[in-house]
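Chain by chain, the residues:
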Amino acid sequence: TSPIAALEIFADKNKEYVSAFDDEQNSFMFKRSSLYLINDRVLTAVGLNQRDVIAAMSKIQNAFWFVLIILIFVLVLGYWWLNAILIKPMDHLLEGINALKKGEKNISVGPIPSNEMGTVMQNFNKMSKSTQEVQSQLVQQAKMASLGQLVAGVAHELNNPIGFIYANMKHL
């Protein structure tokens with residue numbers, strides 16, 4: 001912009017900005033704090049052409065919208081990444097935990113990602129398998145204990161009459 005020559009200033013004490021026009025009717029805007037006024041007369045003023053101010057404001061507004069669009073894009077991308085890496089595997093793991101709680105057998109969670117969540121899911125699958133093996137061993141042990149009690153009861157019942165007969169054989 002060219003230096004400001006003669007300006008006609010219209011200052012209003014209630015406004016933050018004042019308007020000015022030069023000889024060629026170009027309009028200028030000044031911030032009141034940049035003006036040195038004595039008895040409503042301007043002694044010193046520094047300002048910009050109004051077209052330059054509007055152009056600068058337009059550039060700032062365009063930059064704002066660009067940054068806002070980039071921010072929204074980054075947030076959407078971040079949500080998608082977080083969903084794929086953490087939320088979906090966590091949902092699969094919770095489904096497996098609930099199935100294990102209900103007593104379902106042959107529980108396996110997947111697909112297993114290649115991160116820390118994948119390690120947790122692999123360990124859950126190992127734990128689920130070992131839990132099933134322990135449960136089947138406990139059932140087998142309970143069956144064997146019950147069979148042992150049955151055999152002991154049968155042996156006792158057979159032993160009583162034989163013992164009675166053997167004890168009374170002398171009397172016959």
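Computed from a prediction, not measured in an experiment: that's the story for all the values here. (Residues numbered from 1 in each chain as written. Predicted model: local features only at pLDDT ≥ 70, side-chain atom pairs only at ≥ 80, totals over all residues. Heavy atoms only, no water.)

Colleague: Teacher, can you tell me more about the side chain of asparagine 83 here?
Modeller: Relative to the assigned elements, asparagine 83 resides in helix H1 (residues 50–102). The contact partners of asparagine 83, leaving out residues within four places of it in the chain, are Lys88 and Pro89. (Helix = DSSP H or I, 4+ residues; strand = E, 2+ residues; numbered from the N terminus. Contact = heavy atoms within 4.5 Å.)

Colleague: In this structure, what is going on with unusual backbone geometry? I would like to understand it.
Modeller: Glycine aside, a negative phi is what most residues show, and trans is what most peptide bonds show. Cis geometry marks the peptide bond from glycine 110 to proline 111, where omega comes out at -5°. Mapped onto the fold, proline 111 is located in the loop between H1 and helix H2 (116–167). Although it is not a glycine, asparagine 106 sits at a positive phi angle of roughly 55°.

Colleague: Sorry, what's going on with the environment of valine 120 here?
Modeller: Assignment of secondary structure puts valine 120 in helix H2. We classify valine 120 as partly exposed; its relative accessible area is 39%. In the structure, valine 120 is positioned 31 residues away from proline 89 in sequence and 9.7 Å away in space, judged by C-alpha atoms. (Buried < 20%, exposed > 50% of the residue type's maximum accessible area, 1.4 Å probe, protein only.)

Colleague: Sorry, what's going on with the nonpolar core here?
Modeller: Looking at soluble globular proteins, one finds that nonpolar side chains tend to be buried together. The biggest cluster of nonpolar side chains holds seven residues, and these are Leu93, Ala99, Ile107, Val109, Met117, Met121 and Phe124. When residues of this core are traced back to their parent elements, those giving at least two are H1 and H2. (Core = buried A, V, L, I, M, F, W, Y, C linked by side-chain atoms within 4.5 Å.)

Colleague: I keep staring at the confidence of the model for the protein and nothing clicks. Help me out?
Modeller: Detailed reading of predicted coordinates is not advised where the pLDDT is low. Looking at the protein as a whole, the pLDDT averages 76, with 70% of positions reaching at least 70. Note on residues 1–11: pLDDT under 50 across the span, and 26 contacts to partners over four residues away in sequence or across chains. Here residues 34–38 is a poorly scored stretch, pLDDT under 50, and it has 15 contacts once near neighbours within four places are set aside; other chains count. (pLDDT = per-residue confidence, 0-100.)

Colleague: In this structure, what is going on with the side chain of asparagine 125? I would like to understand it.
Modeller: Assignment of secondary structure puts asparagine 125 in helix H2. Taking relative accessible area as the criterion, asparagine 125 reaches 16% and is therefore assigned buried. Contacts of asparagine 125, omitting those with residues within four sequence positions, involve Ile107, Ser108, Val109 and Ile112.

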